[in-house]
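# Secondary and tertiary structure notes
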Amino acid sequence: MATKREQEILALIKQDSLITQAQLAEKTGTTRSNIGSHISNLIKEGLIVGRGYVFPAENEVTVIGAVNLDVLGAAKAQVSTTGSTPGRVYSFIGGMDRNIATNLDNLGLKTKLITVYGNDTNGDLFQAEAQNNELDLSDALRVERPTATYVYLNDVDGRRINCSHGAVNVSVSMSMV
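These figures come from a predicted structure and were not determined experimentally. (Residues numbered from 1 in each chain as written. Predicted model: local features only at pLDDT ≥ 70, side-chain atom pairs only at ≥ 80, totals over all residues. Heavy atoms only, no water.)

As a further point, take helix α3 (residues 32–44). Each full turn of the α-helix corresponds to 3.6 residues, which orients residues three or four apart in the same direction. Taking 1.5 Å per residue as the helical rise, α3 with its 13 residues ought to reach 18 Å, and the 18 Å between its terminal C-alpha atoms agrees with that figure. All of the buried residues along α3 are Ile35, His38, Ile39 and Leu42. All buried residues of α3 fall inside an arc of 105° around its axis, so they share one side. In α3, the exposed positions that point more than 90 degrees away from the buried face belong to Ser33 and Lys44. Elements that come into contact with the buried residues of α3 comprise α1 (4–15) and α2 (21–28). Gly46 sits one or two residues past α3 and shows a positive phi near 75°. (Helix = DSSP H or I, 4+ residues; strand = E, 2+ residues; numbered from the N terminus. Expected span 1.5 Å × (residues − 1). Buried < 20%, exposed > 50% of the residue type's maximum accessible area, 1.4 Å probe, protein only. Arc of directions from axis to C-beta. Contact = heavy atoms within 4.5 Å.)

Phi at Glu134 takes a positive value of approximately 60°, unusual for a residue other than glycine. The topology assignment puts Glu134 in the loop between α5 (121–132) and β6 (141–143). The class of Glu134 is exposed, set by a relative accessible area of 64%.

The next point concerns the packing of aromatic side chains. Taken as a whole and judged by the stated rule, the model has two aromatic pairs. Ring geometry for Tyr117 and Phe126: centres 4.8 Å apart, planes at 70°, overall edge-to-face. Assigned by exposure class, Tyr117 and Phe126 land together as buried. Between Tyr150 and Tyr152, the aromatic rings sit 5.2 Å apart at their centres with planes inclined by 40°, giving tilted as the arrangement. Of the residues examined, Tyr150 reaches a relative accessible area of 41% and is grouped as partly exposed. On the accessibility criterion, Tyr152 (11% relative accessible area) is buried. (Phe/Tyr/Trp six-rings, centres within 6.5 Å; stacked < 30°, edge-to-face > 60°.)

This part covers the nonpolar core. The biggest cluster of nonpolar side chains holds 14 residues, and the ones touching the most others in it are Leu113, Tyr117, Phe126 and Leu137. Residue assignment for this core shows that the elements contributing at least two residues are β2 (68–75), β3 (87–94) and α5. Apart from residues no more than four positions distant in its own chain, Phe126 is found in contact with Val67, Ile93, Arg98, Leu113, Thr115, Tyr117 and Leu137. One finds Ile13, Ile19, Ile39 and Ile48 within the second-largest nonpolar core, a separate group that totals 12 residues. (Core = buried A, V, L, I, M, F, W, Y, C linked by side-chain atoms within 4.5 Å.)

Along the chain, Asn68 turns up in strand β2. Looking at Asn68, its side chain comes within polar contact range of the side chain of Asp70, at 2.7 Å. (Polar contact = N/O pair within 3.5 Å; in protein donor to acceptor, adjacent residues only side chain to side chain.)

Let's shift gears to the environment of Ser80. Tracing the chain through its elements places Ser80 in the loop between β2 and β3. The spatial distance from the C-alpha of Ser80 to the C-alpha of Asp155 is 10.0 Å, given a sequence separation of 75 residues. A polar side-chain atom of Ser80 sits 3.2 Å from the main-chain amide nitrogen of Thr82.

Another point: the pattern of salt bridges. Taken as a whole, this structure holds seven salt bridges when the rule is applied. A salt bridge links Asp157 to Arg159, with the nearest nitrogen and oxygen atoms 3.3 Å apart. For Asp157, a relative accessible area of 53% gives the class exposed. Each of Asp155, Asp157 and Arg159 takes part in salt bridges that share partners, so that together they form one network. (Salt bridge = Lys/Arg side-chain N within 4 Å of Asp/Glu carboxyl O.)

Moving on, we get to the side chain of Thr85. Examined against the element boundaries, Thr85 turns out to sit in the loop between β2 and β3. Reaching out from Thr85, the side chain makes a polar contact with the backbone nitrogen of Ser80 at a distance of 2.9 Å.

Put simply, α1 and α3 touch, their axes get as near as 10 Å, and they point 85° apart. The orientation of α1 with respect to α3, classified from their angle, is roughly perpendicular. Two secondary-structure elements touch here, α1 through Arg5, Glu6, Ile9, Leu10 and Ile13 and α3 through Ile35, His38, Ile39, Asn41 and Leu42. (Axes fitted to C-alpha atoms, helices over the stretch in contact; angles between N-to-C directions. Parallel < 35°, antiparallel > 145°, perpendicular 65-115°, else oblique.)

Structure, rendered in structure tokens:
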């Protein structure tokens, strides 16, 4: 645990990593040998690494991949293939890679997400959500296209409805809540 004096020295080093022990002594009103002792303690505690006052690397991870708006249609009754089915529509920011980045951030890792997202309302939602989760989007690309959207339907039992075969014509009428 750094002492008050060592915290003061750390703050000065963060401002100027090339500051000399003599300059530190002058700015803190102590001796150069006293500064040397504090520097030694800071190295032992792992708060700086070796000579030149190099700071230890932060736990950081970069995730590269998709972000999209997930739109779920959840049937409230047995799905009809010939008429309407009552249900609800839910939407939330998703995408497997965005989910991974958010979970890593929640585990305390500084996380950067490299992705592409649209300059639309869904992109605004994603950007706000990323800021709330402190995701680093400095290398993400915002384009003049819509943010990707993933739409899926669940039956009344919560099972995913597979409409990919073309043989099933599912028309689900859902109320927005």
